[in-house]
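Secondary and tertiary structure notes
Each chain, written out:
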Amino acid sequence: MSTSSEESTTGRETETDGGYVHRPDGEPNAEPEPSGFGVRGWALVAAVVLSFLVVPGVIYLVPSAPGELGLSFFAAMLALPLAPALILGLTAVWSMTAATRGNE
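An account of the accompanying structure is given in this report.

Rules used throughout
- Residues numbered from 1 in each chain as written.
- Predicted model: local features only at pLDDT ≥ 70, side-chain atom pairs only at ≥ 80, totals over all residues.
- Heavy atoms only, no water.
- Helix = DSSP H or I, 4+ residues; strand = E, 2+ residues; numbered from the N terminus.
- Buried < 20%, exposed > 50% of the residue type's maximum accessible area, 1.4 Å probe, protein only.
- Contact = heavy atoms within 4.5 Å.
- Areas by Shrake-Rupley, 256 points an atom, 1.4 Å probe, with all protein chains shown as cover.
- Polar contact = N/O pair within 3.5 Å; in protein donor to acceptor, adjacent residues only side chain to side chain.
- Expected span 1.5 Å × (residues − 1).

It is worth spelling out the overall build of the protein chain at this point. From N to C terminus, the protein chain includes three helices and zero strands. Along the protein chain, helices and strands appear, N-terminal first, in the series α-α-α. Looking at the protein chain residue by residue over its 104 residues, the buried ones come to 12%. Considering only intrachain contacts with a sequence separation of at least 6, the fraction spanning at least 24 residues in the protein chain is 66%. Counting only carbon and sulfur atoms, one obtains 64% of the accessible surface of the protein chain, whose full area is about 8700 Å².

This part takes up the environment of Ile59. Structurally, Ile59 is set in helix 1 (residues 38-61). Considering only alpha carbons, one finds Ile59 and Leu80, 21 residues apart in sequence, at a separation of 8.2 Å.

With that settled, consider the side chain of Thr91. Structurally, the position occupied by Thr91 is in helix 3 (residues 73-101). For Thr91, the side chain forms a polar contact with the main-chain oxygen of Ile87, separated by 2.7 Å. Here Thr91 is in contact with Ala43, Leu44 and Ala47, once residues within four sequence places are set aside.

Time to look at the environment of Arg40. Topologically, Arg40 is positioned in helix 1. Between the C-alpha atom of Arg40 and that of Ser95, which follows or precedes it by 55 residues, the distance is 5.2 Å.

Another aspect to go through is helix 3. For helix 3, spanning 29 residues, the distance from its first C-alpha to its last is 43 Å, which sits close to the expected 42 Å at 1.5 Å a residue. Among the residues of helix 3, those classed as buried are Ala76, Pro84, Leu88, Thr91, Ser95 and Ala98. At its buried positions, helix 3 is contacted by helix 1 and helix 2 (65-68).

The next point concerns the side chain of Ser95. The residue Ser95 is located in helix 3 in this model. A distance of 3.1 Å separates a polar side-chain atom of Ser95 from the backbone oxygen of Ala92. If sequence neighbours within four positions are ignored, Ser95 has contacts with Arg40 and Leu44.

Listed below in structure tokens is the structure:
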């Protein structure tokens, strides 16, 4: 083990670097801090709530609603889960495409 005053025994940087510390805060091209979900994020949250809470809740609480609207059992059991899945999928693709392009 070296007893030089330039080396640190705690695993930190040595004093030979002249005290330079890189601080990226002063860089001109630094990205700004995110400020929240934005419109696309809230649209995605609304699609998730619609897909996982509202539509299944309506199907559970009012099972006769599709029949009252003129849908057969087979059509209702295909269409009711498919519509929220499409809404959720399209909203997710829309929000991620915009986020990767930087259009928030």
